[in-house]
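# Residue-level structural notes
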Amino acid sequence: LIPPTSEPMASHSTARVEYQRRRDGFFIELQRLAKIDRKLSLTRLGLFLTGLGLAAISMSNREVAAAWWCLIPFGLFAVAIVRHERVARRLDRSRRRIAYHEANLDRLDHRWQDSQPLGERYVDEHHPYEYDLDLFGKGSLFQLLCRARTRLGEDTLAAWLRTAASPSAIDFRQRAVTELCGRVDLREALALLPAEVHDSIDQSLLHDWASRAPRLLPRTL
């Protein structure tokens, strides 16, 4: 008999601590950015109202010098818009980071049955072992494993689950998983890319285009 080892439990505990640390850090960042976001919203409103007030005064006085004063608040308003947009993007990124690590913690706590996607589109009644292993659907293996952000990624995972792989392919995937286990920053960065699953878009077209031989444009063009 092989004696029991505490390595899987230690790995589980280490992952939990790391995910919680990152989630809590991003939550603090979210609160800080939310305060800046509210201040910028009030600043934009104040600058816009000030600009309207100065515009009304300049129109009533009909003085060119008074009209120039309107450019100051409206110029600052434009600067505030750019600054606010940057903060809004960082705020959205912090929310997605928190949601990503919350999903990681849910998986560690076996609370992934309500996550998406279910992979129901890949159900094949004639598949030899699909129903026996619960590959797709509610509480399925696909639902547990899938962290894809695109339809093309979901298709790839479904194909891997439904088709037997060669020993070399299995070895390659296992080594890739082992390498990714310790690269939390990379996995987080990939998960936060602004990609979403769209059923109405055939993403395989981009894959086909990228796999074609390049065609150089004529020099005249």
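To be clear, the structure that these remarks concern was listed above.
Residues numbered from 1 in each chain as written. Predicted model: local features only at pLDDT ≥ 70, side-chain atom pairs only at ≥ 80, totals over all residues. Heavy atoms only, no water.

Let us look at the layout of surface pockets. Roughly 1800 Å³ of internal volume is contained in the largest pocket. If you go around the largest pocket, you meet 36 residues; those closest to its centre are Leu 145, Arg 147, Val 177, Leu 180 and Arg 187. Those elements giving two or more residues to the lining of the largest pocket turn out to be helix H1 (7-61), helix H3 (71-108), helix H5 (141-145), helix H6 (151-162), helix H7 (167-181) and helix H8 (184-191). Broken down by element, the lining of the largest pocket gets its largest block of residues, seven residues, from H7. Residue classes in the lining of the largest pocket are distributed as 21 nonpolar, nine polar and six charged. (1 Å grid on protein atoms, 1.4 Å probe; cavity = no way out; pocket = protein on both sides within 12 Å on 5 of 7 lines; lining within 4 Å. Points joined across faces, edges and corners; volume = space filled by probe spheres on them. Helix = DSSP H or I, 4+ residues; strand = E, 2+ residues; numbered from the N terminus. Nonpolar A, V, L, I, M, F, W, Y, C, P; charged D, E, K, R; others polar.)

We now examine the nonpolar core. Residues Tyr 122, Leu 135, Phe 136, Phe 142, Cys 146, Leu 157, Ala 158 and Leu 161 constitute the largest nonpolar core, which totals eight residues. Among residues more than four places away in sequence, those in contact with Cys 146 are Arg 107, Pro 117, Glu 154 and Leu 157. By size, the runner-up hydrophobic cluster in this structure holds seven residues, among which are Phe 26, Leu 30, Leu 33 and Leu 91. (Core = buried A, V, L, I, M, F, W, Y, C linked by side-chain atoms within 4.5 Å. Buried < 20%, exposed > 50% of the residue type's maximum accessible area, 1.4 Å probe, protein only. Contact = heavy atoms within 4.5 Å.)

Moving on, we get to the packing of aromatic side chains. The geometry of an aromatic ring pair is captured by two quantities: the separation of the ring centres and the angle between the planes. On inspection of all chains with the given rule, the structure shows five aromatic pairs. Residues Phe 48 and Phe 74 carry aromatic rings whose centres are separated by 6.3 Å and whose planes lie at 70° to one another, so their mutual orientation is edge-to-face. Here Phe 48, found in helix H1, pairs with Phe 74, found in helix H3; they are 26 residues apart in sequence, far enough to count as distant. Summarising the aromatic geometry, the rings of Phe 48 and Phe 77 are spaced 5.6 Å apart at their centres and angled 45° between planes, so their arrangement reads as tilted. Remark: Phe 77 occurs in helix H3 and Phe 48 occurs in helix H1; sequence separation between them is 29 residues. Here Phe 48 falls in the partly exposed class, since its relative accessible area comes to 35%. An aromatic cluster of three or more residues is present, and its members are Phe 48, Phe 74 and Phe 77. The ring of Trp 160 is capped by Arg 173, whose NZ or CZ atom sits 3.9 Å from the centre of that ring. (Phe/Tyr/Trp six-rings, centres within 6.5 Å; stacked < 30°, edge-to-face > 60°. Lys NZ or Arg CZ within 6 Å of the ring centre and 35° of its normal.)

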